[in-house]
Amino acid sequence: MQNDNLKNYLHLHFIVFVWGFTAVLGKLISIGALPLVWFRMVIALLIMGVYAVIVKAPFRLSGKVFARLVIAGLIIALHWFTFYHAIKISNISITLSCLSTGAFFAALLEPLLYGRKLILYEVVFGLFIIVGLLFISGIISLQNGALLFKSEISYAWGILTALTSAFLSTVFAIINGKFAKEYNATAVSFYELLGGIFFFSLYLLWDGQFTPAFFALSNADWLWLFLLGSICTAYAQIAAVKVMKTITPYTMMLTINLEPIYGIILALIVFSESEKMNTAFYIGAGIILTTVIINGVLKNRTTAAN
């Protein structure tokens, strides 16, 4: 039993590592963020569909639930689009650091959606995250041990796009949490991918982008897209659901918080020059990641006490 728990825990770390690698793949793929996400969803849908047939996943849902899943699919598709667009207009390190603010957005959204009271320490942590973002953006920097304030923002659009991605990810997680408890996870993921493909296909048709050139990708792009859609999306999603059955929610949440760290380390290895940042950036990223982890620890203690 102990060996099984260790295997599941190591498996979880591998899944989070795979998720961290999606940022690297996003930068390696040369096409724009919109077609990148479209191809990712199509490849993942096909693989997940084959898996669902093999395991005989129940696909039958009410029309109302189906419609909600399709809308949730649009939200996750927009999250992926803003995520990869942020990488392409800034870099991986900035995008992943800003994506860590999802815990702060959850602290603001959950009281509004579920009616629970606002927790004081979450507000304080939110202020720490804002300070971390000020360091990352370059508004606050260090020079000779002294804090300096600048009026201009480095990578402004990249930061705003990444924060939008973090917000959309939080909204999706809150919505998807209810679906995962009530319905088969494979079916839920399948219909959400279908919804994302549907809305993005409508836009691509309207914009006239579905041309032979749209599908004329390089061999390298096809390879990276296949890895992104298969290993990093279909496999990771299915494996994560299985791991969640034996791993505690706290361990799951705390381990997922390592995704930006894994991603930034991988980015530094693969793209050493473009991903090197100044000292202020790493201070800001450290503040955000530390705050997110402490928040997870406190939440676990609160849950255990209740």
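To be clear, the structure that these remarks concern was listed above.
Residues numbered from 1 in each chain as written. Predicted model: local features only at pLDDT ≥ 70, side-chain atom pairs only at ≥ 80, totals over all residues. Heavy atoms only, no water.

Caption draft 1: Inspection of the overall build of the protein chain at higher detail. On a plain count of helices and strands, the protein chain comes out with 14 helices and two strands. Every one of the 306 residues in the protein chain was classed for burial, and the buried ones make up 47%. Here the contacts in the protein chain between residues at least 6 apart in sequence split such that 84% fall between residues at least 24 apart. Working note: accessible area of the protein chain is about 15600 Å², and carbon and sulfur atoms make up 69% of it. (Helix = DSSP H or I, 4+ residues; strand = E, 2+ residues; numbered from the N terminus. Buried < 20%, exposed > 50% of the residue type's maximum accessible area, 1.4 Å probe, protein only. Contact = heavy atoms within 4.5 Å. Areas by Shrake-Rupley, 256 points an atom, 1.4 Å probe, with all protein chains shown as cover.)

Caption draft 2: Structural detail: the nonpolar core. By size, the foremost hydrophobic cluster in this structure holds 65 residues, and its most contacted members are Leu-36, Met-41, Tyr-84, Ile-92 and Leu-225. Looking at this core, the element that brings in the most residues is helix H2 (residues 33-55), giving eleven residues. Tyr-84 has contacts with Thr-22, Gly-26, Ala-33, Leu-36, Val-37, Arg-40 and Leu-228, leaving out every residue within four places of it along the chain. By size, the runner-up hydrophobic cluster in this structure holds 15 residues, among which are Ala-86, Ile-94, Phe-104 and Ile-136. (Core = buried A, V, L, I, M, F, W, Y, C linked by side-chain atoms within 4.5 Å.)

Caption draft 3: Representation of helix H10 (residues 219-243) in the model. Between the first and last C-alpha of H10 there are 33 Å, a value that for 25 residues agrees with the 36 Å anticipated at 1.5 Å per step. When the local axis directions of H10 are compared, the greatest deviation, roughly 40°, occurs at Ala-236. (Expected span 1.5 Å × (residues − 1). Bend = angle between axes of the 7 residues up to and from the residue.)

Caption draft 4: View of the packing of aromatic side chains. Throughout the structure, instances matching the rule amount to 19 aromatic pairs. With centroids separated by 5.2 Å and ring planes inclined at 65°, the aromatic side chains of Trp-38 and Phe-210 adopt a geometry described as edge-to-face. Residue Trp-38 is found in helix H2, and its partner Phe-210 is found in the loop between helix H8 (185-206) and helix H9 (212-215); the two are separated by 172 residues along the sequence. For Trp-38, a relative accessible area of 10% translates into the label buried. A relative accessible area of 28% places Phe-210 in the partly exposed class. With centroids separated by 5.8 Å and ring planes inclined at 40°, the aromatic side chains of Tyr-203 and Trp-206 adopt a geometry described as tilted. (Phe/Tyr/Trp six-rings, centres within 6.5 Å; stacked < 30°, edge-to-face > 60°.)

Caption draft 5: Looking closely at empty space enclosed by the protein. The full count for this structure, using the stated rule, is one cavity of 30 Å³ or more. Taken together, Ala-103, Phe-104, Ala-107, Glu-122, Phe-125, Gly-126, Ile-129, Thr-291, Val-292 and Asn-295 make up the full set of residues lining the largest cavity. Among the secondary structure elements, those contributing two or more residues to the lining of the largest cavity are helix H5 (102-114), helix H6 (120-137) and helix H14 (279-305). Top element by residues in the lining of the largest cavity is H6. It accounts for four residues. Along the lines of polarity and charge, the residues of the lining of the largest cavity split into six nonpolar, three polar and one charged. (1 Å grid on protein atoms, 1.4 Å probe; cavity = no way out; pocket = protein on both sides within 12 Å on 5 of 7 lines; lining within 4 Å. Points joined across faces, edges and corners; volume = space filled by probe spheres on them. Nonpolar A, V, L, I, M, F, W, Y, C, P; charged D, E, K, R; others polar.)

Caption draft 6: Representation of the packing of helix H3 (residues 63-89) against H8 in the model. Orientation of H3 relative to H8, taken along the N-to-C sense of each, is 65°, at an axis distance of 7 Å. By the criterion of interaxial angle, the relationship of H3 to H8 is roughly perpendicular. Viewed along their axes, H3 and H8 form a crossing whose handedness is right-handed. Along the contact surface, H3 presents Phe-66, Leu-69, Val-70, Ile-71, Ala-72, Gly-73, Leu-74, Ala-77, Leu-78, Trp-80 and Phe-81, while H8 presents Val-188, Tyr-191, Glu-192, Leu-193, Gly-195, Gly-196, Phe-199 and Phe-200. Here the contact of H3 with H8 is built from residues that sort into 15 nonpolar, three polar and one charged. (Axes fitted to C-alpha atoms, helices over the stretch in contact; angles between N-to-C directions. Parallel < 35°, antiparallel > 145°, perpendicular 65-115°, else oblique. Left-handed = near helix turned anticlockwise from the far one by under 90°.)

Caption draft 7: Representation of the packing of H3 against helix H4 (residues 92-99) in the model. Between H3 and H4, the shortest axis-to-axis distance is 8 Å and the interhelical angle comes to 140°. Viewed along their axes, H3 and H4 adopt a mutual orientation that is oblique. Here H3 contributes His-79, Phe-83, Ala-86 and Ile-87 to the contact with H4, which in turn contributes Ile-92, Thr-95, Leu-96 and Leu-99. Counted by class, the contact of H3 with H4 contains six nonpolar, two polar and no charged residues.

Caption draft 8: Spotlight on the side chain of Ser-90. Tracing the backbone shows Ser-90 in the loop between H3 and H4. Among the polar contacts made by the side chain of Ser-90, one reaches the main-chain carbonyl oxygen of Ala-86 at a distance of 2.5 Å. For Ser-90, the residues in contact, after removing those within four places along its chain, are Thr-95, Tyr-155 and Gly-158. (Polar contact = N/O pair within 3.5 Å; in protein donor to acceptor, adjacent residues only side chain to side chain.)

Caption draft 9: Molecular detail of the environment of Gly-32. With respect to the element layout, Gly-32 can be found in the loop between helix H1 (2-28) and H2. Residues Gly-32 and Tyr-84, 52 residues apart in the sequence, show an inter-C-alpha distance of 8.4 Å.

Caption draft 10: The environment of Ile-293, seen in detail. Locating Ile-293 in the fold gives a position in helix H14. Overall, the relative accessible area of 29% leaves Ile-293 in the partly exposed class. The sequence separation of Ile-293 and Ile-256 amounts to 37 residues, and the corresponding C-alpha distance is 9.9 Å.

Caption draft 11: Spotlight on a nonpolar patch on the surface. Taken together, the side chains of Leu-120, Val-123, Val-124 and Phe-128 define a hydrophobic patch exposed on the protein surface, amounting to about 360 Å² of accessible area. What makes Val-124 partly exposed here is its relative accessible area of 36%. (Patch = residues over 30% accessible without salt bridge, like charges linked within 9 Å, V, L, I, M, F, W, Y side chains within 5 Å. Salt bridge = Lys/Arg side-chain N within 4 Å of Asp/Glu carboxyl O.)

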